[in-house]
Amino acid sequence: MADILVLVEHRRGEIRDITFEMLMKGKTLSEKTGKPLTALLLGNDVGEMAEGLKDLANRVVLIEDPKLENFNSEIYQRVLGNVIEQEKPFLLFIGHTAFGMDLAPTLATQMKAPLATDCTDVMVDDDQIRAIRQTYGGKLNVEVRLKPAPCSMVTVRPASVSVEDYSLAGEITRVTSPLTEEIASKRFLEYVEAAAGEVDITQANILVSVGRGIKDPENIPMVQELAKSLGATLSCSRPVVDKKWLPKDRQVGTSGKTVKPTVYIAIGISGAFQHIAGMKGSGTIIAINRDPKAPIFNVAHYGIVGDLLKIVPALKGKISEAFA
Amino acid sequence: MEIIVCIKRVPETADADIVIDRTGRDIEKGGLVFDINEWDNYAVEEAILLKEKYGGSVTVISMGPEEVNETLRRALAMGADQAIRLTDPAFEGSDGYTIARVLSQAIKPLSYDLILTGVQTEDDGYGQVGPTLAEILGIRHAAVVNQIEGIESGRTRVHRELEGGLEEILDLELPAVLTIQTGINEPRYVSIMGIRKVAKKEIKVLGLRELAMKPEEAGEPGSLTVVEMVSFPPVGEGAQILEGTMDEISDKVVTILKEKGGVA
Amino acid sequence: MEVQKEGFLQKYDLYGCFQCGKCTGGCPVSLKSKLNIRKLMIEALLRDNLGNVVQREELWDCTTCKTCTLRCPRGLEPMDLLIGMRTLLVEEGHIPKTAIEALESTYKYGNPWGAAKNKRSEWANELGLKVLPQGDQASNLYFVCCTAAYDTRVQNVARSLVQCLRQIGYDFAILGNDETCCGSEIRRMGEEGLFEMLMDQNIESFNKYDFRSIVTTSPHCYNTIKNDYAQDGLDVRHYTQVLAEAVEEKNPFSGEVRKVITYHDPCFLGKQNGIFDEPRYILQSIAGVTFIDFDRSREKSLCCEGGGGRMWVEATDQGPRLAEIRVQDAVEMGAEILATACPFCLLTLEDAVKTTGNEERLRVMDISEILVEAL
Ligand SMILES: Cc1cc2nc3c(=O)[nH]c(=O)nc-3n(C[C@H](O)[C@H](O)[C@H](O)COP(=O)(O)OP(=O)(O)OC[C@H]3O[C@@H](n4cnc5c(N)ncnc54)[C@H](O)[C@@H]3O)c2cc1C
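Residues numbered from 1 in each chain as written. Chains lettered and ligands numbered in written order. Predicted model: local features only at pLDDT ≥ 70, side-chain atom pairs only at ≥ 80, totals over all residues. Heavy atoms only, no water.

Colleague: Describe the site of the ligand, and please don't skip the residues or the numbers.
Modeller: Residues and elements named next belong to chain A. Around the ligand, the structure places 33 residues, and the nearest of them are Arg212, Ser237, Ser255, Ser270 and Asn289. The backbone of Gly213 places a nitrogen or oxygen atom 3.4 Å from a nitrogen atom of the ligand. Ser255 places a polar side-chain atom, nitrogen or oxygen, 2.6 Å from a nitrogen atom of the ligand. Here the ligand has 990 Å² of accessible area as a free molecule, and 93% of this is covered by the chains. Contributions of two or more residues to the shell around the ligand are made by α6 (238-242) and α7 (273-276). (Near = heavy atom within 4 Å. Polar contact = N/O pair within 3.5 Å; in protein donor to acceptor, adjacent residues only side chain to side chain. Areas by Shrake-Rupley, 256 points an atom, 1.4 Å probe, with all protein chains shown as cover. Helix = DSSP H or I, 4+ residues; strand = E, 2+ residues; numbered from the N terminus.)

Structure representation (structure tokens):
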């Protein structure tokens, strides 16, 4: 059948954005190669979800089972192994997310499928698959070739594909779950929500965000002052939280908060995709970084190249004057 | 509790100017500062905390040339008990799968309850080696672990970090591979005296032969994906870089904020 | 935490202490911190388990100003005992997080400021200095200091000093990016192994080139190269010594500075190395300067709390910062410029001017910067 298969990612009753991004990419490749696009949906009682996906693929393969209620890589792998055996897809897309990072490598290994992870683009020419992935924190693009194999796999970086409207009017194929006995070696127990913090950065109109480039926690008050002079809220990248310089509720990014302020000022933040995914919807992005090649400048509208320790105080002075 | 930690020595590039090398498939590494991969540092610390709690021993394994000894020694100084370095010209060009394959050959003869790796590396960023290793060894795994609650009767309860601050709690059968997320602990400082104290400790070196592998199973021939070329990401529209003196730049920012910022 | 006690007793001669308390009496932080150096001496002697004595947060409050050691009538070295205790902590990895950042940075990049090694000489880019590793030759070596090389405020001191040295016709070169941290603060934070590594690297660089003396920006580099490296045949001088000598011979700084100036003695220059007169001599030789001294000056000078690793460790105490007291005193005396001759003093005092809201009244300047105004 040699379809292009997209594994639908959903959590707590909601389809996650990465699914639509992968379907979009899949559709482009499907048009180019003539291979049908199939969405693969595993879950419990997700018929409605399948209905909603019908328009976005030539076919929705639906497998329902109470054991698929919550994501569990072992159970998914068991089912997907079966599906791949039967469907013999040409290419399988999985999100490069907490879900995909737990599942794709083991599934690929089991199926002896070449796997390119965290890809920002995928090309197919005469059945030869190539992918673009980024290395060194987004400073380098790497083009990888997947060696020919019956089935290949790619995990797609979230927010790397822009989604447009289209309609394929596909149909739903139900497949019986191959699961028989309980799988007890890996058990999902429960979700834990992040504790509510004292500030809600998602509500801020202006965010001044600080990254590892600040170097020393003693420099944070300086940035805080800048934020204050603007009436802005202070946020940060992950390493600042890991080092316990600022609390977790200030973290912007995939594992922190997604923010869309009117203005986002990124100070000493390199622009790893996990960070960018959380702030690229901001109205105006201003980045301060001393590395002119820092990936943050690719999403920023305005950039200042230089030492933040010099720039921040200068800015603060002018801003205090201007908005006094 | 026998714990194995897989670690990597990587160049720091966040702050550095990087240059593509002559092969066009990698960057110039000369002049860059190397250190233990950030995620792996947390993994080593976590292993040592577990050893302090449950007893047992910690073995660190790394692939790479002689300089990697420095990284292994650092892990020994943190409290690891044994170190193994895997090196062979044939490993050159290995993809994520093949790296896991090589590691698995070194790990198979050892006894272990837990294997820790970082979630991903700062350089290649595959985020793939840990789970792949688990599949090859035929054991359980969990990726992006940000808390290990405890270990009891051959099982462990761990938290996996999901998106947006959400976590899930899993219960896993041992042995298992856990890929460790940053922030799970606070890695301790390793003093130079501490490193000197372990300077004489033996680091076991294993090559292709000792690992009972054939050349065609390693490096590019053994890999399922191959790097064709590297390039700098296209800048796209990119940012408009503000130039001038500090004063002029600051004035421009003020103007931008006035126009776009909703700042009164 | 297990500690070999015997060696400790002997190394610091703890049996010699008769608990007179002169050490604690002179300690600038003892009034506001739990740190009590006299008690530390006796506890180290009497307690069975040194581990418990050592694991106290307040050990990091010490600024290593050395007053305790200088005042000990028995010639004991309480400051070294404290540093020895920090060394035990460092080896166990029990140190404040911010200190970890500084130490790891020094190991990797040769400076505690987390800055790239290959940018060490960027401050001098347009100055056309001679650089020894680039094949230049000079009679003297200017040892710049990490803080002067990377801190944007203190870079101005380095540039001013270059102007001053040129003005007196001093022939010098720098080590460029080959200079590495002197290790003074590293040793005082208890990272003895790293200190030795840095010392070896610097001595190796020194040995490669021919020069008469080393001149330093910082009293900390000066003290450590002079007293900790203690290499025969290595002549090291603080810049105030070099400039004072030149000014005495024939003062080339003929301009006027109409200001009331007081001078803060850096502990590592004054107390620890007896250099009290040279800085004062330079300041008083500038035309127009009205010089007034602090009440607590020279041997009695109050520490600014910038030494002993305190640039990277927040103190446990809650009391007023000593630098703030210093600034208040200077303002009350009617000083317009608070002069000093140390990068750390400059930074802590300048910060204190801001926190006490005295920006309009008092400027903190390095002596070299004042001299440039007198050019
Ligand atoms: C599963 C997973 C989830 C993650 N989730 C998140 C997340 O939610 N949010 C997040 O932010 N990250 C997240 N990360 C981490 C992410 O991959 C990066 O490691 C992180 O974003 C890097 O943070 P940074 O840009 O602050 O630091 P770095 O990448 O170290 O960048 C520091 C930057 O500061 C600049 N700089 C240094 N000194 C100066 C100076 N003096 N003046 C000006 N500029 C200077 C440097 O040039 C550099 O560009 C996640 C990673 C994983 C694996």
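Colleague: Residue-level account of helix α11 (residues 192-208) of chain C, with values.
Modeller: Residue and element names in this part refer to chain C. Between its first and last C-alpha atoms α11 spans 24 Å; for 17 residues at 1.5 Å apiece the expected length is 24 Å, and the two agree. Residues Glu192, Gly193, Leu194, Phe195, Leu198, Met199, Asn202, Ile203, Ser205 and Phe206 constitute the buried set of α11. For α11, the N-terminal cap is Glu191; the gap from its side-chain oxygen to the backbone nitrogen of Gly193 is 3.3 Å. (Expected span 1.5 Å × (residues − 1). Buried < 20%, exposed > 50% of the residue type's maximum accessible area, 1.4 Å probe, protein only.)

Colleague: Account for the packing of aromatic side chains, with residues named and values stated.
Modeller: Residues and elements named next belong to chain C. Per the counting criterion, the structure on display carries 13 aromatic pairs over all chains. For the pair Trp113 and Trp312, a centre-to-centre distance of 5.0 Å together with 45 degrees between the ring planes defines the contact as tilted. Note that Trp113 is positioned in the loop between α7 (97-109) and β1 (130-131) and Trp312 in the loop between β7 (290-291) and α15 (322-333), a separation of 199 residues in sequence. Of the residues examined, Trp113 reaches a relative accessible area of 21% and is grouped as partly exposed. Ring geometry for Tyr142 against Phe172: centres 6.0 Å apart, planes inclined by 85 degrees, an arrangement best described as edge-to-face. With a gap of 30 residues between them, Tyr142 in strand β2 (residues 140-143) and Phe172 in strand β3 (residues 172-174) connect regions that are remote in the sequence. (Phe/Tyr/Trp six-rings, centres within 6.5 Å; stacked < 30°, edge-to-face > 60°.)

Colleague: Outline the packing of α7 of chain C against α11 of chain C, supporting the account with residue identities and numerical values.
Modeller: Residue and element names in this part refer to chain C. Viewed as axis vectors pointing N to C, α7 and α11 meet at an angle of 30 degrees, and their least axial separation amounts to 11 Å. For the element pair α7 / α11, the angle class is roughly parallel. As α7 packs across α11, the resulting crossing turns out to be left-handed. In contact with Leu103, Thr106 and Tyr107 of α7, α11 contributes Leu194, Met197 and Leu198. For the contact of α7 with α11, the per-class residue count stands at five nonpolar, one polar and no charged. (Axes fitted to C-alpha atoms, helices over the stretch in contact; angles between N-to-C directions. Parallel < 35°, antiparallel > 145°, perpendicular 65-115°, else oblique. Left-handed = near helix turned anticlockwise from the far one by under 90°. Contact = heavy atoms within 4.5 Å. Nonpolar A, V, L, I, M, F, W, Y, C, P; charged D, E, K, R; others polar.)

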